[in-house]
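Here is how the chains run, residue by residue.
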Amino acid sequence: MQDMLEMREVYCNCLIEEAKTNDKIVVVEADLMNCIKTGPFKKAYPDRFFNVGIAEANMVGVSAGLATCGKIPFCSSFGTFATRRCYDQVFISVAYSKQNVKILGTDPGICAEINGGTHMPFEDMGIMRGIPNMLCVEPTDATMLKSLMPQIIAYDGATYIRLQRKKAETVYQDGEKFDLLKAKTVIPGKDATIIASGIMVSKAVEASKIFKGMGMSVGVLNVFTWKPIDEEAIVKACKTTGAIVVAENHNFRNGLYSAVAEVVVNNCPVPMESVGVQDEFGEVGKMPYLAQKFHLTVDDIVQKTLKAIKRKK
């Protein structure tokens, strides 16, 4: 089942709602108002909306300037352009300068679909988590996004939000709450834990159901904040189940697999397997095809989990 609203609509609605009581919130766009659907914010607060044109580096620079004046800027573009294209501006003008700028990157991984390899960010979270003190978060569905947005606004520091633009698969029910800095257990398990993020969470849940039918107990841990990562939850999963599979819509190199491995190897080494893009470029296609192409399917999760469990013995 999919959410009623697209994630980009929820994002804009949250900004409008929060802006009613927080006049520091401003939106900076790189001429993608239609793609990211921030037009309603412009209509509601025209004096707090800035379109700098197709110039992402300038967008980040303007946002950093607004932050020095006490504003809380939210700037956005496709994930490739919000990270790769303006990395130096993000690093120096925002992070190094300790500016409170929120950067939104949309169409993560295979969600870019027919925009193809040039617009398909398999590396964006890896790029951003390499910046000191950068908060990196990937909301799962509309319910989570609505819960996290006030916390992201309250968080004083550079932030990267990796967001699926369109309707997400519903994982959580309305009213469920989340802690921005804590992972969320979706399903407890005993035989293995699938650590997942973004569009891979619903697939991990499906894989867990398959294992239940096989008489096995496989847990799902949603690590939606990649940095700072919830080390306590990961170590607990290692000790409880003894096998970890990381499922991500991202290159496994310097992605969530790498972030989890950093915790595991230092605290509680157990067998680990990766379901993620294996050091490849993206290409044109619809999501079902791309999921098969890059081995991001439910069956891929099942097979890698079986492998991890076998390695325990």
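If you're wondering where the values come from, they're calculated on a predicted model, not measured in any experiment.

Thresholds applied
- Residues numbered from 1 in each chain as written.
- Predicted model: local features only at pLDDT ≥ 70, side-chain atom pairs only at ≥ 80, totals over all residues.
- Heavy atoms only, no water.
- Pairing = 2+ DSSP bridges.
- Helix = DSSP H or I, 4+ residues; strand = E, 2+ residues; numbered from the N terminus.
- Axes fitted to C-alpha atoms, helices over the stretch in contact; angles between N-to-C directions.
- Contact = heavy atoms within 4.5 Å.
- Core = buried A, V, L, I, M, F, W, Y, C linked by side-chain atoms within 4.5 Å.
- Buried < 20%, exposed > 50% of the residue type's maximum accessible area, 1.4 Å probe, protein only.
- Phe/Tyr/Trp six-rings, centres within 6.5 Å; stacked < 30°, edge-to-face > 60°.
- Lys NZ or Arg CZ within 6 Å of the ring centre and 35° of its normal.

Participant: Looking at this model, I keep getting lost on the sheet that holds strand 9 (residues 218-222). Mind explaining?
Facilitator: Hydrogen bonds between backbone atoms are what pair the strands of a sheet, whose relative direction is either parallel or antiparallel. Spatial strand order, 7-9-8-11-12: five strands in an open sheet with mixed pairing. Pairing within the sheet leaves two strands with one partner each, and these edge strands are strand 7 (184-187) and strand 12 (272-277). Here the average twist between neighbouring strands, direction ignored, is 25°. Direction of pairing for strand 7 relative to strand 9: antiparallel, over a ladder of three bridges. Bridge pairing in strand 9 links Ile187 to Val220. The strands that helix 10 (residues 231-241) touches are strand 8 (192-196), strand 9 and strand 11 (244-251); relative to strand 8, the one it contacts most, it runs at about 155°.

Participant: In this structure, what is going on with the nonpolar core? I would like to understand it.
Facilitator: Soluble globular proteins: nonpolar side chains tend toward being buried together. Tyr11, Phe41 and Phe74 are the most contacted members of the largest nonpolar core, which totals 67 residues. Here the element with the most residues in this core is helix 1 (residues 7-19); it accounts for eight residues. Beyond its immediate sequence surroundings of up to four residues, Phe41 is in contact with Cys12, Leu15, Ile16, Ala19, Ile25, Val27, Pro46, Arg48 and Phe49. Ranked by size, the runner-up nonpolar core spans 44 residues in total, among them Met59, Ala67, Ile103 and Met125.

Participant: Before we go on, may I ask you to explain the packing of aromatic side chains in this structure?
Facilitator: Given two aromatic rings, one states the distance between the centres and the angle between the planes to describe the pair. With the rule as written, the count across this model stands at eight aromatic pairs. Look at Phe122 and Phe294: their rings are 5.1 Å apart centre to centre, the planes differ by 70°, and that puts the pair in the edge-to-face class. Placement of Phe122 in the loop between strand 4 (102-106) and helix 7 (124-129) and of Phe294 in the loop between helix 12 (287-293) and helix 13 (298-312) is noted, with a sequence separation of 172 residues between them. Accessibility classification places Phe122 together with Phe294 in one group, the buried group. The rings of Tyr172, Phe178 and Phe224 are connected pair by pair, giving a single aromatic cluster. Against the face of Phe81 rests Arg85, its NZ or CZ located 4.1 Å from the ring centre. Stacked on the ring of Phe178, the Lys or Arg Lys184 has its end atom at 5.1 Å from the ring centre.

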